[in-house]
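Structural features, examined
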Amino acid sequence: MSISMYTIFPSKADVWDEKATKYLIPFYPMAGCFIGIFWYGLYLILQRLLVPIMLKTFLLMIIPSILSGFLHLDGFMDTSDAIGSRKSVEEKRKILKDSHVGAFAVIAILLWMFASFCGMYTILSEGKSVVSFFFIPIVSRAFTGICVLKGKPISKNSYLTLYQKDKAKWQMILQIGYLIVCIALPLLCLDIRTILIVLIMLTTALLSAKHAFKQLGGMSGDISGYIVTLSELAALLSVSIL
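Residues numbered from 1 in each chain as written. Predicted model: local features only at pLDDT ≥ 70, side-chain atom pairs only at ≥ 80, totals over all residues. Heavy atoms only, no water.

**So, the environment of R141**
As a reminder of what qualifies: Every helix listed is a DSSP run of H or I at least four residues long, and every strand listed is a run of E at least two residues long, numbered separately from the N terminus. Each residue gets one of three labels from its accessible area relative to the maximum for its type: buried under 20%, exposed over 50%, partly exposed in between, using a 1.4 Å probe on protein chains only. A contact between two residues is defined here by any heavy atoms of the two lying within 4.5 Å.
Locating R141 in the fold gives a position in helix α7 (residues 136-150). Its relative accessible area of 2% is what places R141 among the buried residues. A sequence separation of 109 residues divides R141 from G32, and the C-alpha atoms of the two residues are 6.6 Å apart. Ignoring anything within four residues of it in the chain, the contact list for R141 reads Y28, P29, G32, I35, S68, H72, Q175, V228 and E232.

**Concerning unusual backbone geometry**
Non-glycine residue L50 carries a positive phi angle of around 55°. Residue position: L50 is located in the loop between α2 (28-48) and α3 (53-67). Of note in this structure, F70 is not a glycine but carries a positive phi near 60°. With respect to the helices, strands and loops of the structure, F70 is situated in the loop between α3 and α4 (71-84).

**Concerning the pattern of salt bridges**
For clarity, the threshold we go by: We define a salt bridge as a side-chain nitrogen of Lys or Arg found within 4 Å of a carboxyl oxygen belonging to Asp or Glu.
All chains considered together, the criterion is met by three salt bridges. Residues E90 and R93 are paired through a salt bridge, measuring 3.9 Å at the closest nitrogen-oxygen approach. On the criterion of helical spacing, the pair formed by E90 and R93 is a turn pair, its members being three residues apart in helix α5 (residues 89-97). Put simply, K128 and E126 hold a salt bridge, and the shortest N to O gap is 3.7 Å. For K128, a relative accessible area of 18% gives the class buried. Given the relative accessible area of 52%, E126 is considered exposed.

**A word on the packing of helix α10 (residues 192-216) against helix α11 (residues 221-241)**
The test is simple: Helix axes use the C-alpha atoms of the stretch in contact, all axes being lines fitted to C-alpha atoms, and the angles between their N-to-C directions lie in the range 0 to 180 degrees. Put simply, a crossing is left-handed when the front helix is turned counterclockwise from the back one by less than a right angle, and right-handed when it is turned clockwise. Put simply, Ala, Val, Leu, Ile, Met, Phe, Trp, Tyr, Cys and Pro go in the nonpolar bin, Asp, Glu, Lys and Arg in the charged bin, and everything else, Gly too, in the polar bin.
The N-to-C vectors of α10 and α11 enclose an angle of 150°; their axes lie 8 Å apart at closest approach. When the axes of α10 and α11 are compared, the crossing they make is right-handed. Contacts between α10 and α11 pair R193, I197, I200, M201, T204, A205, S208, A209, H211, A212, F213 and L216 from the former with I223, Y226, I227, L230, S231, E232, A234, A235, S238 and V239 from the latter. Its residues assigned to classes, the contact of α10 with α11 comprises 15 nonpolar, five polar and two charged.

**What to know about α11**
Keep this limit in mind: The span one expects for a helix is its residue count, reduced by one, times 1.5 Å.
Over its 21 residues, α11 runs 31 Å from end to end, which matches the ideal 30 Å to within 8%, given 1.5 Å per residue. Here α11 lies mainly inside the structure; 17 of its 21 residues are buried.

**What to know about the packing of aromatic side chains**
The criterion, for reference: Think of it this way: a Phe, Tyr or Trp ring, Trp meaning its six-membered ring, pairs with another when their centres are within 6.5 Å, and the plane angle makes it stacked under 30 degrees, edge-to-face over 60, tilted otherwise.
This model, assessed by the stated rule, comprises seven aromatic pairs. With 4.1 Å between their ring centres and 5° between their planes, W39 and F133 make a pair best called stacked. You can see W39 sitting in helix α2 and its partner F133 sitting in the loop between α6 (103-125) and α7, a full 94 residues away along the chain. Neither residue differs from the other here; W39 and F133 are each classed as buried. An aromatic cluster is present here, built from F9, F34 and F38 joined pairwise through their rings.

**Details of α10**
In this model, α10 (25 residues) spans 36 Å end to end at C-alpha, consistent with the 36 Å of a helix rising 1.5 Å per residue. Residue G217 follows α10 closely and has a positive phi angle near 75°.

**What to know about the nonpolar core**
Which entries qualify depends on this criterion: Nonpolar cores were defined as sets of buried Ala, Val, Leu, Ile, Met, Phe, Trp, Tyr and Cys residues, with membership established by side-chain atoms within 4.5 Å.
Ranked by size, the top nonpolar core spans 65 residues in total, and within it L60, M120 and I227 carry the most contacts. Per-element tally for this core: the top contributor is α7, with nine residues. Those residues in contact with M120 that lie beyond four places of it in its chain are W39, T57, L60, M61, F133 and L236.

**Focus: the packing of α4 against α10**
Spelled out, the test is: Orientation is classified from the angle alone, with under 35 degrees giving roughly parallel, over 145 giving roughly antiparallel, 65 to 115 giving roughly perpendicular, and any other angle giving oblique.
Running from N to C, α4 and α10 cross one another at 55°; their axes reach a closest spacing of 10 Å. In terms of orientation, α4 lies oblique with respect to α10. In terms of crossing hand, the pair formed by α4 and α10 is left-handed. In contact with T79, A82 and I83 of α4, α10 contributes H211, A212, Q215 and L216.

**A short note on the environment of F135**
Along the chain, the position of F135 falls in the loop between α6 and α7. For the pair F135 and H100, spaced 35 residues apart in the sequence, the C-alpha separation amounts to 34 Å. In this structure F135 touches C182, L185, P186 and T194, once residues within four positions along its chain are discounted.

Structure follows, in structure tokens:
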């Protein structure tokens, strides 16, 4: 259910079980694992095929969003539009739910596109290591999962209440476990660069979550997309710089 909801990968889970929805978030980072494997695998294939760098940059920049069904970019745009309006909390929440595309959403997605393209082009043109591609989708979703489990839903009717119903300590422990593994594996391989990228991701996710909570007064599905998108962008830019 988690894979079928958070990715475009086909799943054998044909039946939606409401009783199992509270277990979706603990397996949320596993959806990121599938994306990370495919992302890194595509990089290896494109390298073998000697695809022109501009086309390769575009494909590698957009593939994580495609694999997630553009779910997180949609939330990023909605949240950016609400926060950018600089109105009251209640009006921001109305904008968040509005299906129309506002000016701040357009500005935000354009900035994301330019920054992502420049970051990926720098990585490929300078031959940077992309091993961290595997970790990036896992880390962003693990931290966002913690925010979903701990954050107060904006609305009582929010779908986040499904995830928080009958929540247990093991769910939070599992999310933290994903983060520990993503730091421990590079550490065992003496890859300090990947550890720094993970830490930069976590810092960006923390700051973006704190800012969104302050502006909108709680957590929502759109805000989770906002956190995932910004933390992954920070990771991509970090890979291009370090």
